[in-house]
Amino acid sequence: MTATTTIDPVIEARTDPMPPVFYGQRVRISVEFRDADGDLFDPSIVRLSLITPSQAEVTVQEPSDLIQAPSTGVYYREVVLSEVGEWRWRWESLADGEEAAAEGRVTVPRRLA
């Protein structure tokens, strides 16, 4: 089992490369879970742990209104980057035989005066 995570700004159209993140921006932290054949699958237990720059940890386990699942194997949560510094997250599939994890991080630069 594998998992891949991404972060994208919540905007009408995706640009490539992704524009830099900024303080106060709403972003979508997403993950895809794939089985050994590379097919998307829905894990029995999905958990997202998010650590803010001030080291506050928020953990959400699906099913939850805070985690969206728009299609098989695809999950996301929208977050407002309300602190300057490094944001870290970890998506996990926790059920026996379905273990997979993906981690990510992004740095929000200091606000300009």
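The structure this text deals with has already been given above.
Residues numbered from 1 in each chain as written. Predicted model: local features only at pLDDT ≥ 70, side-chain atom pairs only at ≥ 80, totals over all residues. Heavy atoms only, no water.

### Description of the overall build of the chain
For clarity, the cut-off: Starting at the N terminus, helices and strands are each numbered in turn, a helix being any DSSP run of H or I of at least four residues and a strand any DSSP run of E of at least two. Exposure categories follow from relative accessible area, calculated using a 1.4 Å probe and restricted to protein chains: below 20% of the type maximum is buried, above 50% is exposed, and the middle band is partly exposed. In this analysis, two residues are considered to be in contact whenever any of their non-hydrogen atoms come within 4.5 Å of each other.
A count of helical and extended segments in the chain gives zero helices and eight strands. In sequence order, the secondary structure elements of the chain are arranged as β-β-β-β-β-β-β-β. Split into buried and exposed, the 113 residues of the chain put 37% on the buried side. Long-range pairs, those at least 24 residues apart, make up 60% of the contacts in the chain between residues at least 6 apart in sequence.

### Considering the nonpolar core
To keep things clear, this is the line we draw: We define a nonpolar core as any set of buried Ala, Val, Leu, Ile, Met, Phe, Trp, Tyr and Cys residues linked to one another through side-chain atoms lying within 4.5 Å.
Among the nonpolar cores identified, the biggest contains 22 residues, and Ile 29, Val 31, Phe 33, Tyr 75, Trp 87, Trp 89 and Trp 91 are the most heavily contacted of them. Counting residues per element, the ones that place at least two in this core are β2 (26–34), β3 (46–51), β6 (74–80), β7 (85–93) and β8 (100–108). If we skip the residues at most four places from it in the chain, Tyr 75 touches Ile 29, Ser 30, Val 31, Phe 33, Asp 42, Pro 43, Val 46, Glu 62, Ile 67, Gln 68, Ala 69 and Trp 91.

### Focus on the sheet that holds β8
Filter applied, for reference: Any two strands with at least two DSSP bridges between them are considered paired. For helices, the fitted axis covers only the stretch in contact; all axes are lines through C-alpha atoms, and the angles between them, taken along N-to-C directions, range from 0 to 180 degrees.
Ordered in space as β4-β3-β7-β8, the four strands form an open sheet in which the pairing is antiparallel. A strand with exactly one partner marks an edge of an open sheet, and here the two such strands are β4 (57–62) and β8. Each strand axis lies, on average, 15° off the axis of its neighbour in the sheet, ignoring direction. Two elements, β3 and β7, share six bridges in a ladder whose sense is antiparallel. Among the inter-strand pairings, Val 46 is bridged to a residue of β7, identified as Ser 93.

### As for the environment of Val 27
For Val 27, the location among the structural elements is in strand β2. In this structure Val 27 comes out as buried when scored by relative accessible area, which is 0%. In this structure, the C-alpha to C-alpha distance between Val 27 and Val 79, residues 52 residues apart in sequence, is 5.4 Å.

### Quick look at the pattern of salt bridges
Once their charged atoms are close, side chains differing in charge can pair, the charge on each being opposite to the other. Stated formally: Just to be clear on terms, a salt bridge is a Lys or Arg side-chain nitrogen sitting within 4 Å of an Asp or Glu carboxyl oxygen.
Summed over the entire model, instances satisfying the criterion amount to eight salt bridges. Across the salt bridge formed by Arg 47 and Glu 92, the nearest N and O atoms sit 3.1 Å from each other. Here Arg 47 is found in strand β3, whereas its partner Glu 92 is found in strand β7, with 45 residues between them in sequence. Overall, the relative accessible area of 26% leaves Arg 47 in the partly exposed class. The class of Glu 92 is buried, set by a relative accessible area of 13%.

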